[in-house]
Amino acid sequence: MPSTSDLLGRPLRNLRISVTDRCNLRCAYCMPEQNYVWLPRADTLRFEELAVLVDAFALAGADRVRITGGEPLLRHDLARFVRMVADKPAIRDLALTTNGLLLAEHARELAAAGLHRLTVSLDTLRPETFRALAQRDELTSVLRGVERAVEAGFRPIKIDTVVMARVNDGELVDLVEYARGLGAEVRFIEYMDVGGATRWSMEQVVSRAQMLDRLASHYGPLEPIVEDSSAPAERFRLPDGLAFGIISSTTAPFCRSCDRSRLTADGMWLTCLYARAGLDLRARVRAGASVTELAATISRGWALRSDRGAEARLGLAAREPLVPRPELRVNPHLEMHTRGG
Ligand code: SAM
Ligand code: SF4
Ligand code: SF4
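Model, not experiment: these values are computed from the prediction.

## Remarks on the overall build of the protein
What the protein contains, in helices and strands, is twelve helices and twelve strands. The C-alpha radius of gyration of the protein comes to 19 Å, within 12% of the 20 Å expected for a compact globule of 341 residues. Sorting the 341 residues of the protein into buried and exposed places 57% on the buried side. Long-range contacts, defined as pairs at least 24 residues apart, comprise 74% of the intrachain contacts of the protein with a sequence gap of at least 6.

Here's what the structure looks like:
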């Protein structure tokens, strides 16, 4: 089956699989509410069902998979699923995004299962800021997790940091230096107005331009790294050669080159982080559709894709959180922690 391009000429390359909507943190930019409506457990796809979908996405053109969540390490025996995907020759790149809380105990088995790359979300190095931002006192566990992951052979680890004004925007240099010490690469992410970010406001966004100004005033001139890549991060080099990235999804989105598909833990396929609706692939898998039939469904859907969610948001006169709280209560598929970021 030839790989498909969408209506804007973008191929399908990347598949992000959210293996659970549950999480053991409550980051202010993602899960700020007291209570959540969870996906029914019976709807969660078994690893074997997810593996069938991975085969179908691969047949439709995807060759890169990222496992995410919620917190993916909350899913029992995740390493078994990692091994199942790592064993597929069609998948050239297999990565995991985690908040790192349970990483210390799982790093070795993830490496042994064949995971290629690891991204740890870490927004602060200050215990009190961690507590305020994530509602849990767990910075030490995350830092230990990162250390164990380095020891287990994941190098370079990526550290993803959502930057929020007056919360952690004074820590850019500290995080660059922390990454340096580990042989890791930090990527600073603009705070996005996605579903679930119910406290979002433009005043709390620290823009790419502001981040670059702050880093340049500390380190000196920053050199852009020219790359031919669909990766969302723009990379830069400090005068001493150290690289870091910026993901400017809010002020300078990269929809033009977006080759990502998202699959929720219950098999909802989304072609954009900002999409209001998706296609239910669980029903098709559980009805016994073959990999070829599923791939044909995916290719047909991708061929009709015209999403440019973050770019469309740029044109709004007044920007507010994407989805009002009442709508999130009735449709958890609109939540960032369900979609996997
Ligand atoms: N729980 C895992 C973690 O935090 O790494 C994986 C899932 S989380 C939804 C994936 C990524 O989405 C994280 O790096 C997180 O920082 C990012 N994210 C969540 N809400 C965001 C927002 N409002 N703006 C920017 N990034 C966000
Ligand atoms: Fe934080 Fe990730 Fe959990 Fe969202 S899913 S609350 S970003 S740890
Ligand atoms: Fe891709 Fe949608 Fe994000 Fe744009 S907003 S980069 S189309 S997922």
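## Details of the site of ligand 3
Around ligand 3, the surrounding shell consists of Phe254, Cys255, Cys258, Arg262, Cys272, Leu273, Tyr274, Arg305, Asp307, Arg308, Gly309 and Ala310. A class-by-class count of the residues in the shell around ligand 3 yields seven nonpolar, one polar and four charged.

## Structural notes on the side chain of threonine 297
Here threonine 297 is to be found in helix α9 (residues 291-303). If we ignore the near neighbours within four places in the chain, the residues touching threonine 297 are Trp269, Leu279, Leu281 and Arg284.

## Comments concerning the site of ligand 1
The immediate surroundings of ligand 1 are formed by 20 residues, with Tyr29, Gly70, Ser121, Val162 and Met192 found nearest. Taking glycine 70, its main chain carries an N or O atom lying 2.8 Å from a nitrogen atom of ligand 1. The backbone of threonine 98 places a nitrogen or oxygen atom 3.3 Å from an oxygen atom of ligand 1. Taken by itself ligand 1 offers 540 Å² of open surface, and the protein chains cover 95% of this. Within the residue set of the shell around ligand 1, elements represented by two or more residues are β3 (93-98) and β6 (185-190). Within the shell around ligand 1, the residues separate by chemical class into nine nonpolar, nine polar and two charged.

## Some thoughts on helix α1 (residues 47-59)
Helix length check: α1 (13 residues) gives 18 Å between terminal C-alpha atoms against 18 Å at 1.5 Å per residue, within 8%. Directly beyond the C-terminal end of α1, a positive phi value near 125 degrees is found at glycine 61.

## Points about unusual backbone geometry
Of note, the bond from arginine 155 into proline 156 is cis; its omega dihedral lies within 30 degrees of zero at -5 degrees. When you line up the elements, proline 156 lands in the loop between α5 (139-151) and β5 (158-163). The residue aspartate 77 is not glycine, and still its phi comes out positive at about 60 degrees. For aspartate 77, the location among the structural elements is in the loop between β2 (64-68) and α2 (78-86). Its identity as a non-glycine residue notwithstanding, glutamine 135 has a phi of 65 degrees, on the positive side. Examined against the element boundaries, glutamine 135 turns out to sit in the loop between α4 (127-134) and α5.

## With respect to the environment of threonine 198
With respect to the secondary-structure elements, threonine 198 resides in the loop between β6 and α7 (208-219). A residue is classified by how much of its surface remains accessible, and threonine 198, at 11% relative accessible area, is buried. Spatially, the C-alpha atom of threonine 198 lies 33 Å from that of aspartate 63, the residues being 135 residues apart in sequence.

## Examining the pattern of salt bridges
For the structure on display, the rule yields 30 salt bridges. A salt bridge links arginine 282 to aspartate 43; the shortest N-O distance between them is 3.8 Å. Here the residue arginine 282 occupies a position in helix α8 (residues 281-286), and aspartate 43 occupies one in the loop between β1 (14-18) and α1, the gap between them amounting to 239 residues. Linking arginine 64 and aspartate 63 is a salt bridge whose minimum nitrogen-to-oxygen distance equals 3.5 Å. Here the residues in one salt-bridge network are Asp6, Arg10, Arg305 and Asp307, joined through shared partners.

## Structural notes on the pairing of strand β10 (residues 260-263)
Side chains Arg260 and Arg262 of β10 all project onto a buried face; the interleaved residues Ser261 and Leu263 project onto the opposite face, where all are buried too. In this sheet, β10 lies alongside β1 in parallel orientation, the contact comprising four bridges. Among the inter-strand pairings, asparagine 14 is bridged to a residue of β10, identified as arginine 260. Where β10 folds back onto strand β11 (residues 268-270) in an antiparallel hairpin, the turn is made up of four residues, including glycine 267, whose phi is positive at roughly 80 degrees.

## Quick look at the pairing of strand β4 (residues 117-121)
In summary, the side chains of a regular strand alternate between the two faces of the sheet. The pairing of β3 with β4 spans four bridges and is classified as parallel. The residue bridging threonine 97 from the neighbouring strand is threonine 119, located in β4. The β-α-β motif built from β3, the intervening helix α3 (residues 103-113) and the parallel element β4 has right-handed crossover chirality. Bridge count between β4 and β5: three bridges; the pairing is parallel. Note that in β5 the partner of serine 121 across the bridge is aspartate 160.

## Details of the packing of aromatic side chains
In the structure shown here, the tally under the stated rule is six aromatic pairs. On the numbers, 5.2 Å between centres and 20 degrees between planes, the contact of phenylalanine 47 with phenylalanine 81 is stacked. In this pair, phenylalanine 47 is assigned in helix α1 and phenylalanine 81 in helix α2, connecting sequence segments 34 residues apart. On the basis of relative accessible area, phenylalanine 47 is assigned to the buried category, the value being 5%.

What counts as what
Residues numbered from 1 in each chain as written. Chains lettered and ligands numbered in written order. Predicted model: local features only at pLDDT ≥ 70, side-chain atom pairs only at ≥ 80, totals over all residues. Heavy atoms only, no water. Helix = DSSP H or I, 4+ residues; strand = E, 2+ residues; numbered from the N terminus. Rg over C-alpha atoms; globule rule 2.2 N^0.38 Å. Buried < 20%, exposed > 50% of the residue type's maximum accessible area, 1.4 Å probe, protein only. Contact = heavy atoms within 4.5 Å. Near = heavy atom within 4 Å. Nonpolar A, V, L, I, M, F, W, Y, C, P; charged D, E, K, R; others polar. Polar contact = N/O pair within 3.5 Å; in protein donor to acceptor, adjacent residues only side chain to side chain. Areas by Shrake-Rupley, 256 points an atom, 1.4 Å probe, with all protein chains shown as cover. Expected span 1.5 Å × (residues − 1). Salt bridge = Lys/Arg side-chain N within 4 Å of Asp/Glu carboxyl O. Pairing = 2+ DSSP bridges. Right-handed = clockwise from strand over helix to strand, strands pointing away. Phe/Tyr/Trp six-rings, centres within 6.5 Å; stacked < 30°, edge-to-face > 60°.

Any functional reading would require information that these geometric values do not contain.
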